[in-house]
Amino acid sequence: MPAPRLSVVVTRRLPETVETRMKELFDVELRDPDTRMTREELGAAMRRADVLVPCVTDQIDANLLAQAGDKLKLIANYGAGIDHIDVASARQRGILVSNTPGVVTDDTADMTLALILAVTRKIPEGLAEMQAGAWQGWAPMAHLGGRIGGRRLGILGMGRIGQAVARRAAAFGMQIHYHNRKRLRPEIEQELGATYWESLDQMVSRMDIISVNCPHTPSTFHLMNARRLKLMKPTAVIVNTSRGEVIDENALTRGLRAGELAGAGLDVFEHGHEVNPRLRELSNVVLLPHMGSATVEGRAEMGEKVIINIKTFADGHRPPDQVVPGML
């Protein structure tokens, strides 16, 4: 007799092709309608599933994991970031955690450049005028932004996405600088034309644009705090397509309102979808609803990675994208 199929619970709707393939391979429970699970629903799902497929909106902490019982063996996260999962507690309970790294590198890097251009070239300002029907024609001094060629870009976090941002920014003629937990190999620095700063304070004080591309960990929480934000030049802008918790959002809002920064482009926020309402009032801020990885191709490839991780686990092997302590 064939081995029984793994029971899999998916916490949100996924692309149709991904859900259909999961149906073919596993005893899968899909989410309908496409709403976030409550904490109670999430706990119940963890008790009845061999494999849970959550996403970034599902907070899986130690208390929730303690309710999982003995059935749950794998959390196959739909996404690269795993800061919403208490991986250490999962490991203690014998639950493996996997993610989907590398899939949305280019998509997120594209969005980073889009935000840089949107803020520096005042694209939302022009869009608002056109949509309001208020444009009276070209004028020499209207909507003046600044060119990004020749500007210094400081990348905070030089992993896959940070390096992809560097390559795109270099094509626009920007000067590439970076701060990272570990310095890149000399040949990669040379390829990117990147200057390394061991001191984050020294880097942020000299940059025209800061791009946040590091993960959220205990050591990066509020890495861009009030003190570091004040080090930035008043003509500088900051862009974040990584994790909102890396920036002290209240301090950023105060600095923008006080004219201590020229602008900001944010795709992620410190408190999830609860955005500081004062940020919405600022004309020099571009806000997006976590769209960095939102491409049809990227979402499908994320699903394919989830399926590969589950199928490999079902076959008795270690998932290829298992999260290990050294990654945290």
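Residues numbered from 1 in each chain as written. Predicted model: local features only at pLDDT ≥ 70, side-chain atom pairs only at ≥ 80, totals over all residues. Heavy atoms only, no water.

1. Digging into the pairing of strand S1 (residues 7-10)
Neither face of S1 is exposed, since Ser7 and Val9 on one face and Val8 and Val10 on the opposite face are all buried. Pairing between S1 and strand S2 (residues 27-29): three bridges, direction parallel. Counted as the bridge partner of Val9 is Glu29 from S2. Where the polypeptide runs from S1 across helix H1 (residues 16-25) and back to S2, its parallel neighbour, the crossover connection is right-handed. Pairing analysis gives three bridges linking S1 to strand S3 (residues 51-53), with the strands arranged parallel. Looking at the pairing, Val9 lines up with Leu52 of S3. (Buried < 20%, exposed > 50% of the residue type's maximum accessible area, 1.4 Å probe, protein only. Helix = DSSP H or I, 4+ residues; strand = E, 2+ residues; numbered from the N terminus. Pairing = 2+ DSSP bridges. Right-handed = clockwise from strand over helix to strand, strands pointing away.)

2. Structural notes on the sheet that holds S3
Taken in spatial order, the five strands make up an open sheet running S2-S1-S3-S4-S5, and their pairing is parallel. The open sheet terminates on both sides in strands that have one partner only, identified here as S2 and strand S5 (96-98). Direction aside, the axes of adjacent strands within the sheet are offset by 20° on average. The sheet contacts of helix H13 (residues 296-314) involve S1, S3, strand S4 (74-76) and S5, and relative to S4 the element is tilted by about 160°. (Axes fitted to C-alpha atoms, helices over the stretch in contact; angles between N-to-C directions. Contact = heavy atoms within 4.5 Å.)

3. Details of the packing of aromatic side chains
The geometry of an aromatic ring pair comes down to the distance between the two centres and the angle between the two planes. Applying the stated criterion across every chain, the model contains one aromatic pair. Judged by centre distance (5.2 Å) and plane angle (50°), the ring pair of Tyr178 and Tyr196 falls under tilted. Of this pair, Tyr178 sits in strand S7 (residues 175-179) while Tyr196 is found in strand S8 (residues 194-196), placing the two residues 18 residues apart along the sequence. (Phe/Tyr/Trp six-rings, centres within 6.5 Å; stacked < 30°, edge-to-face > 60°.)

4. Quick notes on unusual backbone geometry
Note on backbone geometry: most residues besides glycine have negative phi, and most peptide bonds are trans. With an omega of 10°, the peptide bond running from Asp32 to Pro33 counts as cis. With respect to the helices and strands, the residue Pro33 is situated in the loop between S2 and helix H2 (39-48). One non-glycine residue, His222, lies in the positive phi region at around 55°. By the element assignment, His222 lies in the loop between strand S9 (209-212) and helix H10 (226-231). Its relative accessible area of 18% is what places His222 among the buried residues.

5. Let's talk about the sheet that holds S9
Across the sheet, which stays open at both edges, the seven strands sit in the order S8-S7-S6-S9-S10-S11-S12 with parallel pairing between neighbours. The open sheet terminates on both sides in strands that have one partner only, identified here as S8 and strand S12 (285-287). If you compare each strand with its neighbour and ignore which way they point, the axes differ by 20° on average. Sheet analysis places strand S11 (residues 263-266) next to S12, joined by three bridges and oriented parallel. Bridging across to S12, Ala264 finds its partner in Val285. Where helix H7 (residues 160-171) meets the sheet, it contacts strand S6 (152-156), S7 and S9, and its direction lies at approximately 170° from that of S6.

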